[in-house]
Number of protein chains: 4
Amino acid sequence: MPEQRPQLNNPIRQRLHEIIFEADTQAGKRFDLLLIVSIVFSVVVVMLDSVAELQVPYGKIFYRLEWFFTLLFTVEYLLRLSCIGRPLKYAGSFYGVVDLLSIAPTYLSLLLPGGKYLLVIRILRLLRVFRVLKLVQYVGEANYLKRALHASRRKIQVFLLFVVLLMVLFGSVMYLVEGPEHGFTSIPRSIYWAIVTMTTVGYGDISPQTDLGQALASLVMILGYGIIAIPTGIVTAELTVFQQLTTQSCPQCSAEGHAPDANHCKYCGAKLNP
Amino acid sequence: MPEQRPQLNNPIRQRLHEIIFEADTQAGKRFDLLLIVSIVFSVVVVMLDSVAELQVPYGKIFYRLEWFFTLLFTVEYLLRLSCIGRPLKYAGSFYGVVDLLSIAPTYLSLLLPGGKYLLVIRILRLLRVFRVLKLVQYVGEANYLKRALHASRRKIQVFLLFVVLLMVLFGSVMYLVEGPEHGFTSIPRSIYWAIVTMTTVGYGDISPQTDLGQALASLVMILGYGIIAIPTGIVTAELTVFQQLTTQSCPQCSAEGHAPDANHCKYCGAKLNP
Amino acid sequence: MPEQRPQLNNPIRQRLHEIIFEADTQAGKRFDLLLIVSIVFSVVVVMLDSVAELQVPYGKIFYRLEWFFTLLFTVEYLLRLSCIGRPLKYAGSFYGVVDLLSIAPTYLSLLLPGGKYLLVIRILRLLRVFRVLKLVQYVGEANYLKRALHASRRKIQVFLLFVVLLMVLFGSVMYLVEGPEHGFTSIPRSIYWAIVTMTTVGYGDISPQTDLGQALASLVMILGYGIIAIPTGIVTAELTVFQQLTTQSCPQCSAEGHAPDANHCKYCGAKLNP
Amino acid sequence: MPEQRPQLNNPIRQRLHEIIFEADTQAGKRFDLLLIVSIVFSVVVVMLDSVAELQVPYGKIFYRLEWFFTLLFTVEYLLRLSCIGRPLKYAGSFYGVVDLLSIAPTYLSLLLPGGKYLLVIRILRLLRVFRVLKLVQYVGEANYLKRALHASRRKIQVFLLFVVLLMVLFGSVMYLVEGPEHGFTSIPRSIYWAIVTMTTVGYGDISPQTDLGQALASLVMILGYGIIAIPTGIVTAELTVFQQLTTQSCPQCSAEGHAPDANHCKYCGAKLNP
């Protein structure tokens with residue numbers, strides 16, 4: 001389709017760019033909405049296709065719908081490439097890669113039958129949903145969360161290293177205590193048990209049988225139950241501090257720390273800049 | 001029963017309204033208390049009726065009690081309609097609909113036998129309990145929670161969208177990794193597994209068997225264990241800020257929610273009383 | 001044993017009171033320590049006695065030890081009654097009742113064999129441990145927690161009522177959706193399932209089998225996973241506010257809000273009263 | 001190897017100390033990186049050695065690799081001893097003991113075959129990782145967490161004592177209610193069940209069968225679900241307060257940890273720089 005590009009004069013490309021990449025115009029919003037509906041619908045088709053009871057009677061319809069959506073998204077992908085200023089930059093960006101991965105599995109499934117279920121990666125395209133839903137506020141909230149998580153990443157990393165060390169140690173000790181005859185068949189599997197237990201998931205597919213093992217498991221559980229307080233505390237403390245600060249300062253007395261909904265300085269009563 | 005209304009002169013309707021809809025008078029409180037006891041008792045009857053061992057010997061008693069309470073609540077419903085100024089507005093409100101749904105299943109059960117268990121919806125009527133239990137303070141606390149949750153709704157929505165995308169992706173990948181022979185019979189069921197795992201519920205009805213599947217499941221568990229910190233942090237940060245606001249209201253614009261160190265109203269700039 | 005009391009002259013009763021009820025003197029501390037060791041040891045004996053493999057060979061020893069500790073605690077209980085000013089007030093207090101319940105089961109077991117395991121109630125006597133472990137600070141911390149929980153009790157009650165209503169509703173709907181053939185044998189049992197799921201315990205003894213049931217269960221899980229944020233937020237907000245305030249005010253500028261470890265006013269630098 | 005030490009002249013020992021114990025020089029960083037890779041690799045070998053399917057074909061290679069790493073770490077241990085000023089102090093420190101325990105199991109395995117899996121204790125050596133990863137910031141974050149946890153340790157202890165008492169009591173009562181025929185074979189095992197339930201792990205290997213037992217279990221679950229709010233609240237409140245403290249230090253007494261609105265040092269009362 002690159003041969004089409006020379007035929008496009010600037011206004012048409014600009015109009016296409018407006019519709020496909022922006023969400024300010026009426027047409028842009030309609031396009032985004034249509035896209036979201038198509039994505040959701042196509043993901044549902046992939047899901048239903050995996051259900052054996054539905055595959056037998058409706059398999060053919062699913063097959064056709066999959067190709068329909070794949071061709072649709074392929075056209076859209078090519079249009080995106082054709083109307084953007086720097087197509088390579090788009091193709092290499094997060095959304096560009098997701099857009100490509102959203103159509104590739106169908107073509108690949110001609111060679112590898114199972115691969116078509118990878119189409120669910122299309123769901124990542126829904127992240128575009130923010131653009132439609134009055135984006136500014138939501139993007140603001142998402143950025144707020146992102147910044148708080150970024151600020152606490154080192155503490156989280158220290159915590160994670162500590163937890164992983166604990167899981168490896170507890171898993172290994174349980175392997176020695178319980179042994180293969182009680183389901184702890186190897187150290188990696190015992191570590192899997194430690195993760196299942198410490199995160200309080202507790203499938204019960206592997207569970208300690210000996211008295212010593214149950215005593216040790218109790219310790220692991222109480223630890224796992226308790227130390228969730230640490231990451232929660234880290235994130236909360238960060239969010240609380242972020243929450244309490246706007247970066248706005250009073251034009252008269254220079255005081256900071258105003259609530260997000262404040263119109264007047266709480267110290268001197270002067271009007272704040274919006 | 002609308003034919004009764006013309007017989008009612010104003011003072012009787014007013015008295016009825018006081019008893020049924022208000023909780024300030026002695027009679028109103030007694031009525032509410034009686035109502036709560038009836039609701040609890042009638043819900044218990046519905047529950048016990050569903051127990052097979054009790055159904056055989058006491059089924060007849062349960063049947064009669066159900067009709068007794070249904071008739072009682074029907075009379076109450078009609079009285080409510082008859083003594084309120086705008087009956088249609090009440091009938092369309094949340095409580096009005098709940099009140100109707102609380103009696104409808106018994107009548108429906110004459111046609112559809114299983115429907116009677118829908119009577120447990122009566123328990124929603126207990127939300128009226130706030131009116132009796134020294135309402136002002138409790139309603140205040142409930143509103144406080146509601147406002148904090150409302151203020152953080154966008155962040156929660158962003159978080160939920162993110163979590164649901166993760167669940168769909170992890171579920172689909174696990175379907176490819178484990179496959180139908182290990183209980184991951186379809187993508188929807190694999191997503192169900194991802195939800196069971198990520199929320200740390202962990203029934204164990206479906207659990208990964210392969211090494212790769214267990215490694216991936218470990219990742220899902222640690223993620224699920226950790227990211228609970230995010231909604232907790234969001235709600236806590238919001239509540240902490242609300243908590244620190246004073247009950248002081250502005251003498252000029254009556255706005256509330258001022259910080260403890262505020263001298264001026266943040267909305268209109270008027271001086272606050274110390 | 002009330003006949004002994006007249007023989008006791010005041011100084012002996014006072015000395016006994018010092019040893020048994022106080023922890024300031026050397027003798028009082030030793031007595032408390034000995035008591036704690038006896039309590040732990042006697043509870044361990046009761047626990048081991050319940051293990052079938054140990055009951056056969058050591059049952060006789062356990063039996064004798066139980067009677068030994070019961071007689072010991074009986075003597076202690078009578079001494080407590082004899083040396084306190086108002087024995088009835090003590091007997092009716094929380095600790096007095098626990099002390100009596102700690103010895104009664106052994107005597108009752110002469111009539112009712114199984115009752116002896118109720119002796120584990122003795123473990124509640126360990127709450128006295130605070131008296132020994134440098135009590136002032138720990139009691140302070142416990143009070144701090146108690147006050148924060150007390151301040152947030154109404155919000156917690158509102159939350160609990162809301163959660164219980166949800167559990168009853170979800171449990172009932174699941175009874176209709178899944179039915180007795182999938183383990184949801186009655187509404188109370190279905191509510192039990194809803195509690196197991198919403199609290200993220202997830203035994204897996206009852207789990208949904210139908211597609212609709214699993215979809216509904218997914219909703220219950222995500223709700224249960226998410227709303228834990230609410231009580232956590234409530235308690236945390238309360239604790240954060242408590243944490244940040246000492247009730248101390250500056251003797252010079254009357255400013256409040258000093259850190260617990262502050263010696264000087266942070267605003268004017270004046271020395272604070274300790 | 002102490003006979004070697006007299007041969008070492010000061011500059012060589014100093015250089016060795018720089019490489020092995022410090023991470024400031026290029027050589028020191030390379031050594032630490034090499035050490036971390038060796039530790040991870042040797043732990044992976046121990047883990048894989050425990051997998052029966054891999055043990056049969058690759059057992060010999062694992063055996064040789066284990067001895068290779070053990071000899072490597074032995075040489076490193078001896079070098080550490082030889083180049084440090086006070087070797088006994090190092091040998092008795094946390095890292096010294098871990099270093100010894102990281103090589104001992106291989107030698108012990110000549111006598112006790114199973115003991116070799118204790119080699120996973122080597123993973124604790126990874127705590128040294130902080131030295132390499134731009135240590136200052138991470139150590140700062142770790143210290144920050146440590147200080148907050150230290151400040152809240154008494155509240156956590158009070159909470160833990162309370163929770164353990166609850167677990168013992170609930171476990172014992174469930175033993176009486178459910179009895180050995182439903183899997184609650186002894187009081188210790190019933191306490192194990194209470195821990196599994198209250199921490200919301202919920203294996204399902206033991207679960208209540210009677211109506212009374214399920215009602216009681218529901219109470220235990222709701223309690224366990226709710227009271228996680230308490231340690232989370234404690235840690236969060238502590239971290240939030242720490243978070244809000246400035247990095248400002250007093251110009252007179254160098255004390256840190258001042259509130260953002262402080263004008264004077266809270267310890268000595270000196271004026272702080274704005």
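Only a predicted model underlies this, so the values are computations on that prediction, with no experimental measurement involved.

1. Observations concerning the overall build of chain A
Then step 1. A tally of helices and strands in chain A yields twelve helices and zero strands.
Then step 2. Start at the N end of chain A and walk to the C end: the helices and strands fall as α-α-α-α-α-α-α-α-α-α-α-α.
Then step 3. Buried residues in chain A amount to 50% of all 274 residues.
Then step 4. In chain A, 54% of the contacts between residues at least 6 apart in sequence involve partners at least 24 apart.

2. What to know about the domain arrangement of chain A
Then step 1. Split into domains, chain A comes out as domain 1 (6-132) and domain 2 (150-238).
Then step 2. A straight line from the C-alpha centre of domain 1 of chain A to that of domain 2 of chain A covers 41 Å.

3. Comments concerning the interface of chain A and chain B
Many structure descriptions define interface size as the accessible area lost when the parts assemble.
Then step 1. On the side of chain B, 56 residues touch chain A, which itself brings 56 residues to the contact.
Then step 2. With both chains or domains summed, chain A and chain B bury close to 4,800 Å², and 67% of this area falls on carbon and sulfur atoms.
Then step 3. At the surface where chain A touches chain B, the tally comes to one salt bridge.
Then step 4. For the pair chain A and chain B, the number of links is nine residue pairs in polar contact (both at pLDDT 80 or more).
Then step 5. Broken down by secondary-structure element, the contributors of at least two residues to the side of chain A that touches chain B are helix H2 (26-49), helix H7 (129-132), helix H8 (135-151), helix H9 (153-178), helix H10 (187-198), helix H11 (211-227) and helix H12 (229-244) of chain A.

4. Topic: helix H10 (residues 187-198) of chain C
Then step 1. A rise of 1.5 Å per residue sets the reference length of H10(C), with its twelve residues, at 16 Å; its end C-alpha atoms lie 16 Å apart and thus fit the reference within 8%.
Then step 2. Burial analysis of H10(C) places eleven of its twelve residues in the buried class, which makes it a mostly covered element.
Then step 3. Those residues of H10(C) that fall on the buried side of the exposure criterion are Ile187(C), Arg189(C), Ser190(C), Ile191(C), Tyr192(C), Trp193(C), Ala194(C), Ile195(C), Val196(C), Thr197(C) and Met198(C).
Then step 4. Taken together, the buried residues of H10(C) touch helix H2 (26-49) of chain B, helix H9 (153-178) and helix H11 (211-227) of chain C together with helix H11 (211-227) of chain D.
Then step 5. Looking one or two residues beyond H10(C), the residue adopting positive phi is Thr200(C), at roughly 60°.

5. Here we look at the side chain of Glu178(D)
Then step 1. Here Glu178(D) shows up in helix H9 (residues 153-178).
Then step 2. This buried residue, Glu178(D), is left without a salt bridge; Arg189(C) holds the nearest opposite charge, at 7.9 Å.
Then step 3. Looking at Glu178(D), its side chain comes within polar contact range of the side chain of His182(D), at 3.0 Å.
Then step 4. One polar contact links Glu178(D) to Thr210(D), side chain to side chain, over a distance of 2.6 Å.
Then step 5. Look past the residues within four positions of Glu178(D) in its chain and what remains in contact with it is Phe184(D), Pro208(D), Gln209(D), Thr210(D), Gly213(D) and Gln214(D).

6. Things to note about a nonpolar patch on the surface
All names here are of chain A.
Then step 1. Among the surface-exposed residues, Tyr63, Leu108, Leu110, Leu111 and Leu112 lie close enough to one another that they form a single nonpolar patch of about 580 Å² accessible area.
Then step 2. Within the element layout of this structure, leucine 108 appears in helix H6 (residues 104-108).
Then step 3. Judged by relative accessible area, leucine 108 falls into the partly exposed class, the value being 43%.

7. Quick look at the pattern of salt bridges
Residue and element names in this part refer to chain A.
Then step 1. For the structure shown, the criterion picks out 20 salt bridges over all chains.
Then step 2. Glutamate 238 is paired through a salt bridge with lysine 155; the nearest N and O atoms lie 3.5 Å apart. Taken together, the positions of glutamate 238 in helix H12 and lysine 155 in helix H9 put the pair 83 residues apart, joining distant regions of the chain. The pair formed by glutamate 238 and lysine 155 is uniform in burial state, with each residue classed as buried.

8. Describing the packing of H9(D) against helix H10 (residues 187-198) of chain D
All names here are of chain D.
Then step 1. For the pair H9 and H10, interaxial distance at closest approach is 7 Å and the crossing angle is 120°. On the basis of their axis angle, the class for H9 and H10 is oblique. Pair H9 / H10 crosses with right-handed handedness. On the side of H9, the interface is formed by Leu166, Met167, Val168, Gly171, Ser172, Met174 and Tyr175, while H10 contributes Ile187, Ser190, Ile191, Trp193, Ala194, Ile195 and Met198.

9. A short note on the environment of Gly224(B)
Then step 1. Relative to the elements of secondary structure, Gly224(B) occurs in helix H11 (residues 211-227).
Then step 2. Remark: the alpha-carbon pair of Gly224(B) and Leu110(B), spanning 114 residues in sequence, is separated by 46 Å.
Then step 3. Residues within four places of Gly224(B) in sequence aside, it is in contact with Met198(B) and Tyr225(C).

10. As for the packing of aromatic side chains
The geometry of an aromatic ring pair is captured by two quantities: the separation of the ring centres and the angle between the planes.
Then step 1. Counting across every chain of the model gives 32 aromatic pairs over all chains.
Then step 2. Plain terms: the ring middles of Phe94(C) and Tyr95(C) are 5.5 Å apart, the flat faces sit at 65° to each other, and that makes the pair edge-to-face.
Then step 3. Put simply, the rings of Phe41(A), Phe68(A), Phe69(A) and Phe73(A) touch in pairs and so form one group of aromatic residues.

11. Section: unusual backbone geometry
All names here are of chain C.
Then step 1. The residue threonine 200 is not glycine, and still its phi comes out positive at about 60°.
Then step 2. Secondary-structure assignment places threonine 200 in the loop between H10 and H11.
Then step 3. Of the residues examined, threonine 200 reaches a relative accessible area of 8% and is grouped as buried.

12. Considering helix H5 (residues 94-101) of chain C
Residue and element names in this part refer to chain C.
Then step 1. Those residues of H5 not exposed but buried are Gly96, Val98 and Asp99. Viewed along the axis of H5, the buried residues span an arc of 165°, placing them on a single side of the element.
Then step 2. At its buried positions, H5 is contacted by helix H3 (52-83) and helix H4 (87-92).

13. Overview of the confidence of the model for chain A
Residue and element names in this part refer to chain A.
Then step 1. Averaged over every residue, the pLDDT of chain A is 81; residues scoring 70 or more account for 85%.
Then step 2. Per-element confidence in chain A is highest for H10, whose mean pLDDT is 94, and lowest for H7, whose mean pLDDT is 58.
Then step 3. Ignoring residues within four places in sequence, the model shows residues 1-8, a span with pLDDT below 50, making six contacts including any to other chains.
Then step 4. The complex model carries a pTM of 0.85, and its ipTM stands at 0.82.

14. Let's talk about the packing of helix H2 (residues 26-49) of chain C against H3(C)
All names here are of chain C.
Then step 1. Where H2 meets H3, the closest approach of the two axes is 9 Å, and the angle between their N-to-C directions is 145°. As H2 runs across H3, the sense of the crossing is left-handed. Residues Phe31, Leu35, Ser38, Ile39, Phe41, Ser42, Val45, Val46, Leu48 and Asp49 of H2 form the contact with H3, whose participating residues are Leu54, Gln55, Phe62, Leu65, Glu66, Phe69, Leu72, Phe73, Glu76 and Arg80.

15. With respect to the nonpolar core
Then step 1. Of all hydrophobic cores here, the largest spans 260 residues; its most connected members are Trp193(A), Trp193(B), Trp193(C) and Trp193(D).
Then step 2. One finds Ala255(D), Ala262(D), Ala270(D) and Leu272(D) within the second-largest nonpolar core, a separate group that totals six residues.

Basis of the calculations
Residues numbered from 1 in each chain as written. Chains lettered and ligands numbered in written order. Predicted model: local features only at pLDDT ≥ 70, side-chain atom pairs only at ≥ 80, totals over all residues. Heavy atoms only, no water. Helix = DSSP H or I, 4+ residues; strand = E, 2+ residues; numbered from the N terminus. Buried < 20%, exposed > 50% of the residue type's maximum accessible area, 1.4 Å probe, protein only. Contact = heavy atoms within 4.5 Å. Domains from an automatic or database assignment. Buried area = accessible area lost by both parts, 1.4 Å probe. Salt bridge = Lys/Arg side-chain N within 4 Å of Asp/Glu carboxyl O. Polar contact = N/O pair within 3.5 Å; in protein donor to acceptor, adjacent residues only side chain to side chain. Expected span 1.5 Å × (residues − 1). Lys, Arg positive; Asp, Glu negative; His and termini not counted. Patch = residues over 30% accessible without salt bridge, like charges linked within 9 Å, V, L, I, M, F, W, Y side chains within 5 Å. Areas by Shrake-Rupley, 256 points an atom, 1.4 Å probe, with all protein chains shown as cover. Axes fitted to C-alpha atoms, helices over the stretch in contact; angles between N-to-C directions. Parallel < 35°, antiparallel > 145°, perpendicular 65-115°, else oblique. Left-handed = near helix turned anticlockwise from the far one by under 90°. Phe/Tyr/Trp six-rings, centres within 6.5 Å; stacked < 30°, edge-to-face > 60°. Arc of directions from axis to C-beta. pLDDT = per-residue confidence, 0-100. Core = buried A, V, L, I, M, F, W, Y, C linked by side-chain atoms within 4.5 Å.

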